[in-house]
Amino acid sequence: MTTFLNNYLGGQWQAAGSAVHTLRDPVTGDTLAATGGAAQGLQEGFAFARTEGAKALQAMSYGQRAAMMADMVKLLQSKRDDYYAISLANSGTTKADSGVDVDGGIFTLGFYAKLGAALGDARTLTDGAAAVMSKDQLFQSQHLMVPIRGLALFINAFNFPSWGLWEKAGPALLSGVPVVVKPATVTAWLTHQMVKDVVEAGILPPGAISIVCGSSAGLLDALTPFDVLSFTGSAETAAAIRSHPAIARDSVRANIEADSLNVSILGDDAQPGSEIFDLYVDNLVRDMTIKSGQRCTAPRRALVPKALMHAVAEAAAAKLAAIRVGNPRNPEVAMGSLVSREQYDSVQHGLALLKAESSVMFDGSAQPLLDADGNSACVAPTLLGVRDADAATLVHNHEVFGPVSSLIGYRDTAHAMAIAHRGLGSLVASVYSADNALLACCANELATSHGRVHLVSPEVGKTQTGHGNVMPASIHGGPGRAGGGEELGGLRALGFYHRKSAVQGPAAAIDMAKQGSTALSY
Ligand code: NAP
């Protein structure tokens, strides 16, 4: 039976409407769920969140909200099997890849619950110490951070229906800010189920969480100046969002996470067969193929010393050839499907584009799919090799959102850094070397154009968290093409959901205003 993904606004589930969009199993093509068209009652629903939801959340301390979030974590953990089943059907992912989204999301929510518990009874935050502004020291300035008096609207991408919700909702709810989530339609089922479970458990006060499935029409029109918007998706949609009057005219605070042409660099100290060489190849293959390459952090550009290009291609090809692709219900399948036939077409189109300046170093499509046919959205991995690193342009401009990476040969480290910057701002750069001085030098150079720089030496080869994995203690976001956003990073994330104000006045009044606050320290 098809599940109708109805909206939850104003503390009420809306009645199922007529189906406008259909969600499908990307392997079998079966119809799974449906959403309606433009949401009704957005203005009223948003007003309810801003008044009832925010009032109830902000009546609590950080510690009380953190305890509530810890209860949500327990609830979500108890329903993991349901979420894995939805992921398998709707995202076409293997158990391991479903875990990246389902467990990654719950872990991130739990991380913020723990951070929040440490903030205890506080209700506001201070940023830095008071600055003395008069000779007699009586007139001072203190930066105070108070939770925003609006709501947080999350417009999310299709690839992380669980993590995309909880990595944003964790910091927002801890800050006392009600959330409204609009998941990408094609995989909205998992987000819907998680929100439904949380609502039915009655853990959150009415208005603290709402969901709109299906059309995005009217969402931005319903925002008011003290709301915030967190968008994850394509650069094209991001551009449309930036020009909407709510953002362009009313200055609704917006965080944008968009496309990213991340680099993974093998240092020029590596030799074939060395530990660092093997680590690089293992991680490149893993990061290319987790979630069938549908991670915004996947290494699209693999920079290797020119002389090692063929050795890396050969070693990576051997590992890629061992990855069976197909229906994730088959236990032999290590890589499932893309989320839809639309994404399949988009990946094929992108591959054809990149091939204009690259040779194919490995093409997994020669192997038959397991328990899936050509009508599924399964795509085998492809490793490309850029023919002329300096002349190539497409590889630095076009993100293929699938299991595809391009090897680019560099002459020396300065050349590798210059190539990395041609991505015009990315989420993550990783560097693999046994030379800590080289790693440090690359970190300083890459930090200017990457939100995260991930360094790997043999010493941390087994313990490092992975180029593509977003850990809540580190910020996630990148400059330029990557959208200019910043999420997570421990308590840094709370800044987005607080209004910072410089309170200037008598020292005694400032001391009173600071009562009930705690210093924001990282
Ligand atoms: P998308 O087509 O831009 O859609 C993203 C979200 O925006 C969806 O919820 C979509 O709803 C909604 N949307 C579409 N048009 C809109 C409009 N005019 N106004 C308001 N909302 C609108 O992106 P996607 O295809 O889902 O995601 C893939 C892209 O996301 C990739 O390019 C990837 O790089 C990027 N991504 C980035 C990150 C990051 O953290 N930087 C993470 C994951 C993905 P519908 O689904 O209903 O159209």
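Residues numbered from 1 in each chain as written. Predicted model: local features only at pLDDT ≥ 70, side-chain atom pairs only at ≥ 80, totals over all residues. Heavy atoms only, no water.

A. Local environment of a negative patch on the surface. On the surface, D268, D269, D412 and D435 cluster together to form a negatively charged patch. Note on placement: D435 falls in the loop between strand 18 (426-432) and helix 13 (436-446). (Patch = residues over 30% accessible without salt bridge, like charges linked within 9 Å, V, L, I, M, F, W, Y side chains within 5 Å. Areas by Shrake-Rupley, 256 points an atom, 1.4 Å probe, with all protein chains shown as cover. Salt bridge = Lys/Arg side-chain N within 4 Å of Asp/Glu carboxyl O. Lys, Arg positive; Asp, Glu negative; His and termini not counted. Charge placed at Lys NZ, Arg CZ, Asp CG, Glu CD. Helix = DSSP H or I, 4+ residues; strand = E, 2+ residues; numbered from the N terminus.)

B. Quick peek at the nonpolar core. Membership of the largest hydrophobic core comes to 63 residues, with the highest contact counts inside it found for F154 and W166. Element by element, the count of residues in this core is highest for helix 2 (residues 62-78), at eight residues. Look past the residues within four positions of W166 in its chain and what remains in contact with it is M72, L76, G105, L109, P171, M194, V198 and I209. Ranked by size, the runner-up nonpolar core spans 30 residues in total, among them A270, L279, V281 and L284. (Core = buried A, V, L, I, M, F, W, Y, C linked by side-chain atoms within 4.5 Å. Buried < 20%, exposed > 50% of the residue type's maximum accessible area, 1.4 Å probe, protein only. Contact = heavy atoms within 4.5 Å.)

C. Broad picture of the packing of aromatic side chains. Enumeration over the complete set of coordinates arrives at six aromatic pairs. If you follow K95 out to its NZ or CZ, it ends over the ring of Y84, 5.7 Å from the centre. Between the NZ or CZ atom of K291 and the centre of the ring of F160, over which it lies, the distance is 4.9 Å. (Phe/Tyr/Trp six-rings, centres within 6.5 Å; stacked < 30°, edge-to-face > 60°. Lys NZ or Arg CZ within 6 Å of the ring centre and 35° of its normal.)

D. The environment of D269, seen in detail. Here D269 is to be found in the loop between strand 13 (263-266) and helix 9 (275-289). For the pair formed by D269 and A434, sequence separation is 165 residues and the distance between their alpha carbons is 7.2 Å. Among residues more than four places away in sequence, those in contact with D269 are S433, A434, D435 and L438. Polar contacts involving the side chain of D269 include one to the main-chain amide nitrogen of A434, which spans 2.9 Å. (Polar contact = N/O pair within 3.5 Å; in protein donor to acceptor, adjacent residues only side chain to side chain.)

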